[in-house]
Amino acid sequence: MTDQVQLLLIEDDEDDYFLTSDSLAQCESPKFSISWAQNGDQAIEYLKAQSFDLCLLDYRLGKENAIDVLAKLKALAVSIPVVVLTGQADSVVDDLVMRAGAEDFLTKSEIETPRFMRTIRYALVRREIETERMERNRIEQQNKAKDKFLAHLGHELRTPLASILGYTELLLDDHHNERINQELSTILNNSKHLLSLLNDLLDMSRIMANKLELSPTPLHLASFLTDLYSLMVMQASEKGLVLTVVADSKIPEEITIDATRLRQVLINLVNNAIKFTPGGQVTIRVKADATEKLLLFSVEDTGIGMPEDKLDKVFQPFEQIEDLIHANHGGAGLGLAITRELVNRMGGEICVESTLGQGSKFHFTIPLQCDDLSHWVALDLEAPQRVTPASINKDLYGNVLIVDDLRDIRRLTGSLVGTTQANVHYAKNGMEALEKIQESHDAKRAFDLVLMDIHMPVMNGIDCLKAVRRADIFIPVVAVTAASRKGLRESLLEQGFDNVIAKPIDREALSEILSQYLHTTPTQQALAPKKDSSPSLVVVEDDEDVADLMAMLLTALGYNTTTAHSAKQAISLIEASPDTFDHVMVDLHLPDANGYDLIKALLKLSDGLTFTIISGAETDPEAVKDLPVLQSLLKPVSRDDLSQLNIPIRNK
């Protein structure tokens, strides 16, 4: 209860005012600060000007009564406990004022009795309880809103990152692009850094909301450490560092732990060690202590180190040591805070030792639930090892439907799936997907796999799946989602999806999905020519670098693309295969021809072609008036420009 209670007394009789205020003044705790209003309108003015903890309201106020005043308070949306004072007990009046919203009622004869103060205290306590309840509800609603916002933020940020990462990887995979590999690698590394920061922010929000849970499972420790080494050794080598994994004792063959979170802890520590070590080595050490039943890990480096008086800050969220910030090593200051929380949640502790200019050592422990020493072995990094990431099996057949409202993501996923022998089909929302699934089912050419985005306009992925199952169509449908909220995977599997894959799509995860649902030999349904739904284009551009880049972007968008660097080459291509190509993108200013003239020449060789003009200047409307030019693009042509192309497949 507050030390001083702000009380509004609404009383038209001066004698009763003094009687009430004198009684309140005799109370030692709490103390009352009284404001006196003589009618309802004056009370409203007080309430508009300041807040009160309690209101004492006389039942009769000249022409109005307490019920009239309570109605005014309700209309003003004032939340204040009101105790009504009546001249004499009347059960009907008492019932009316309680129904009107009063907290309690007293007769004026009780003002100088203990019941008066007891009633006031009860009203104040109930107000405090109600205030606390409303505050808890407000905080709960804020947390729900924050969770919803973070889930939306995660989805909205992962979607463009999926495009950036995916298309950059496609460009890096193309051997024609070796001359700009360094620039593309910079884009890729920075995109991965953005994704890492996003994951850190989402993890920290879960930790702060106490919603991060662990999922312990059996883990083969030697294989785990081997995979960790394989993952990090290239990053260390690029800086000229030596990365080693050392076991200072025999270790259990198998432990029970949340492998994902343990990997996250060690990757955070090793990443930091590599980042802050300009030369020398980084060492990962592991030791098992059977007596203490602990597994001890340490990550040691020969890097720049940290001053001793700053070490207590490194595990605080958003805290970075000033010298390191000035060294421009980046980061949001969340990695070590998350690391500490994860270690603590696994039942362990983490600490750091460091000497400025000589290096740092982060070491942590986790409880060891393994009593059988007969299964403790020496660490062997030659145990099951995966040095290179798994590639997508190219010898897979079938029909795959990719459903996503974003054209870039559809084409990117299609490009990855298209490295197999599968036929790729597209739908931009659940309704369109439902129609295609039904049509293929009725035609006895059912899809072997559907990759279904969850969040789409018109019809979302979950509603589409329900409609497919209601139609008794039980083809494999895999959910694709950028969301990362707790329990989402389990929820989607319960909804009926056969599997779940996250955005940005990991190639290894996609490879496993494709290998699970597609066929290793051609099926009757998969005998149609591959990529029959993708238009074939010729890009006619005399600048070879520009032509090659456009071709790579168009290929990534799902088009079958060929380049020509002159009008003569373009004519030769079309003349040799007049029915192969659907569309030609023509630069207006070629060294050996005018673009308009080239279009006319190509139409004589193949009259079903359509065209897009590429130019540094506006297209002449009169020149294209009678030509099958679908659109014109101004240089420089961006990926966004190309993604908006609407190129039909011609009837051949």
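Model, not experiment: these values are computed from the prediction.

(A) Spatial organisation of the sheet that holds strand β17 (residues 399-403). Spatially, the 5 strands line up as an open sheet ordered β18-β17-β19-β20-β21, and their pairing is parallel. Strands with a single pairing partner mark the edges of an open sheet, and in this sheet they are β18 (423-427) and β21 (499-502). With strand direction ignored, the average angle separating the axes of adjacent strands in the sheet is 20°.

(B) Geometry of the sheet that holds strand β1 (residues 4-10). Here we have 5 strands laid out as an open sheet, ordered β2-β1-β3-β6-β7, and parallel in their pairing. Strand pairing shows two members of the sheet lacking a second neighbour, β2 (31-37) and β7 (104-107), which therefore form its edges. Within this sheet the neighbouring strands show an average axis-to-axis angle of 25°, counted without direction. In this sheet, β2 lies alongside β1 in parallel orientation, the contact comprising 7 bridges. When the sheet's bridge partners are listed, Leu-7 is paired in β2 with Ile-34. Contacting β1, β3 (54-58) and β6 (82-86), helix α3 (residues 66-75) runs over the sheet at an angle of about 145° to β3. The strands touched by helix α4 (residues 91-99) are β6 and β7; relative to β7, the strand with the most contacts, the crossing angle is about 145°.

(C) Spatial organisation of the packing of aromatic side chains. Scanning the model with the defined rule gives 5 aromatic pairs in all. On the basis of an interplanar angle of 20° and a centroid distance of 5.2 Å, the ring pair of Phe-297 and Phe-364 is categorised as stacked. Of this pair, Phe-297 sits in strand β13 (residues 294-301) while Phe-364 sits in strand β15 (residues 359-367), placing them 67 residues apart in sequence. Phe-297 gets classed as buried once you look at its relative accessible area, which sits at 1%. Through successive ring pairs, a cluster of aromatic residues spans Tyr-17, Phe-18 and Trp-36.

(D) Structural context of the nonpolar core. Formed by 47 residues in total, the largest nonpolar core has its most connected members in Leu-262, Leu-295, Phe-297 and Phe-364. Filtering out sequence-adjacent residues up to four positions away, Phe-364 remains in contact with Leu-262, Val-265, Leu-266, Leu-269, Leu-295, Leu-296, Phe-297, Val-343, Glu-349 and Ile-350. The next biggest cluster of nonpolar side chains, apart from the first, holds 38 residues, and it includes Ile-392, Ile-402, Ile-505 and Ile-513.

Rules used in this analysis
- Residues numbered from 1 in each chain as written.
- Predicted model: local features only at pLDDT ≥ 70, side-chain atom pairs only at ≥ 80, totals over all residues.
- Heavy atoms only, no water.
- Pairing = 2+ DSSP bridges.
- Helix = DSSP H or I, 4+ residues; strand = E, 2+ residues; numbered from the N terminus.
- Axes fitted to C-alpha atoms, helices over the stretch in contact; angles between N-to-C directions.
- Contact = heavy atoms within 4.5 Å.
- Phe/Tyr/Trp six-rings, centres within 6.5 Å; stacked < 30°, edge-to-face > 60°.
- Buried < 20%, exposed > 50% of the residue type's maximum accessible area, 1.4 Å probe, protein only.
- Core = buried A, V, L, I, M, F, W, Y, C linked by side-chain atoms within 4.5 Å.

What is shown is where atoms sit, not what they do.
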